[in-house]
Amino acid sequence: MTPPVTPAQNPATGQIPAAEARGPRNEPRNTKDDSLRDLIERGDFAGAQAWARERQVWEVVDEIDRMRPVDAVAAFRLLDPERAFDVFEDLEPNGQQAILEVMRGAEFSEFVDSLEPDDRARMLGELPAKVARRVLAGLSPEERAMTATMLGYPEDSAGRYMTPQVVVLRENLSAGAALAHVRARGADAETIYTLPVVDTQRRLTGVVDLRELVLADAETTVAELVVTSPPHVRATEPAERAARLMADENILDLPVVDAEGRLLGLLTFDDADEVIEDADSEDASRQGGAQHWGGHYMAVSVLQLARTRAVWLVLLLVVSLLTVTVAHGFEDALEEVAALALFIPLLIGTGGKVGTQASSACVRALAIGEVRPSDMVRVTLREAATGLLLGAGLGLLAIGAGLFFTGLDVAVVVGVSLLLICLLGALVGGLSPLVARRFGIDPALVSAPVVTTVVDVLGLVIYFVVASALLGL
């Protein structure tokens, strides 16, 4: 697949590094603890090649994802051909793009044609249009048609992640004949652990596990082994929902069908795991008030990291001006009882944490199907009770702590305010994901800014209203 290179030749540029060109006078270096990145940057390509041969695929992928594009290309071209495909499929999109851009002619066509259809379709969705067109042009007619079909499904749908290369069975086959069919067709399939059973119209009627087929008597029919009405999804359904269904049902492969119930492919467990990992990473970023970025953290530029975080920070800064406005409106109360200002960070910080905890729990419960938008009343009651319980306990602690800094009257104001702010935080944090889902918005996207904004602004209002009522301000 890749042209041979000499140990001293940079596979990406064809040049010989100065460190290698100086020859045998260089003192030997202990490379035992060096990373692949260190070896590539130093120009020790023979050592890098040996390092890659001795490591697992996931270790090589992690190292290449950390590199600059030119170094990533150099490292990739040192791989043995049989490992190169496995490594490429797991690389981040920017690494895949860099590698494809240096391939030419027959090497390029052979490489892209050998990728799994589902991996290829997802890769094309991430690549620039110019590179994607070149990839499609390099495919054989059969692979191009298969890839075009998968690209016709929505970006994050099960159809984009399924493999269309499956072995299907008919119910009238005997176990012996079915096994012979698997042996004949299995080499071209991505998985044979789950064998879909279809009728003459290719409509899904059930599935058979390979284990059951192998252990059955040769004369047993597939109809006796088939599991009817298996879990399945339509190709247009979200891939995350399909992956969560697989986790709930504890199955290796999930049939994917069209609107008429005809089998299109299988969602395999490794692709489902990737879907869930990506979804969890995206939720974590958004709950932290940042945009989700694609790529390895160590390979993302500082500018890109700052850009993903700046948008929400600017919005929150603008919204936080409301907090200043509220404080300014109660300036007279602060001047009369200056001790009130001491507890503002405590109250707002605690309310925000209560809201964040509730939001995180609700977003997670929504993601795995434990909570539905129709459960809004029950969630309201549960979070209200939780907020009151937390607020009562924390409020008593706050009164005790407040006595060390001020009098009983202000300490009671702090305690009562904390009770109400905890109630507010729990309700806002618990309900905002449900409201977002009802309006078709990603719950993780709105939870963090909504909780921060509402608790900061209304928390201050609650504090000063309570102070005015109890202290007669």
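About the criteria used
- As a convention, each chain's residues are numbered from 1 in the sequence order in which they are written.
- Confidence filtering applies because this is a predicted model: local features only for residues at pLDDT of at least 70, side-chain atom pairs given and counted only at 80 or more, and all residues used for totals across whole chains, interfaces and linings.
- Side-chain metrics in this entry use all non-hydrogen atoms of the structure; hydrogen atoms and water are not considered.
- Accessible area is worked out with a 1.4 Å probe on protein chains only. A residue is then buried under 20% of its type maximum, exposed over 50%, and partly exposed in between.
- Here a helix means four or more residues in a row that DSSP labels H or I, a strand means two or more in a row labelled E, and each is numbered from the N terminus.
- It is the directions from the helix axis to the C-beta atoms that the arc portrays.
- By the convention used here, strands pair only if DSSP detects at least 2 bridges between them.
- Patches here are clusters of residues that have more than 30% relative accessible area and form no salt bridge, with a 9 Å joining cutoff for like charges and a 5 Å cutoff for nonpolar side chains (Val, Leu, Ile, Met, Phe, Trp, Tyr).
- All accessible areas in this document rest on Shrake-Rupley with a 1.4 Å probe, and a residue is counted as covered only by the protein chains that are shown.
- The salt bridge criterion pairs a side-chain nitrogen of Lys or Arg with a carboxyl oxygen of Asp or Glu, the two atoms within 4 Å.

What to know about helix α10 (residues 129-137)
Link 1 in the chain: Every buried residue belonging to α10 is among Val-131, Ala-132 and Val-135, and all of these are buried. Axial view of α10: buried residues confined to an arc of 100°, hence all on one face. Summarising the geometry of α10, the exposed residues directed more than 90 degrees from the buried face are Lys-130, Arg-133 and Ala-137.

Things to note about the sheet that holds strand β4 (residues 233-234)
Link 1 in the chain: Read across the sheet, 3 strands follow the order β4-β5-β6 without closing on themselves; strand pairing throughout is mixed. The sheet is open, and its two borders are formed by β4 and β6 (263-268), each paired with just one other strand.
Link 2 in the chain: Where strand β5 (residues 253-257) meets β6, 5 bridges bridge the pair, whose relative direction is antiparallel. When the sheet's bridge partners are listed, Asp-253 is paired in β6 with Thr-268.

Some points on unusual backbone geometry
Link 1 in the chain: Of note, Arg-202 is a non-glycine position whose phi angle comes to about 65°, a positive value.
Link 2 in the chain: Along the polypeptide, Arg-202 turns up in the loop between β1 (194-198) and β2 (204-209).
Link 3 in the chain: Positive phi values are uncommon outside glycine, yet Ser-229 reaches one of about 50°.
Link 4 in the chain: Tracing the backbone shows Ser-229 in the loop between β3 (227-228) and β4.
Link 5 in the chain: The class of Ser-229 is exposed, set by a relative accessible area of 68%.

Considering a nonpolar patch on the surface
Link 1 in the chain: Together, Tyr-193, Leu-252 and Phe-269 make up a nonpolar patch on the protein surface, roughly 330 Å² of accessible area in all.
Link 2 in the chain: Mapped onto the elements, Leu-252 comes out in the loop between α16 (239-249) and β5.
Link 3 in the chain: Using a relative accessible area of 45% as the deciding quantity, one classes Leu-252 as partly exposed.

Everything listed is a geometric property; what it means functionally is a separate question.
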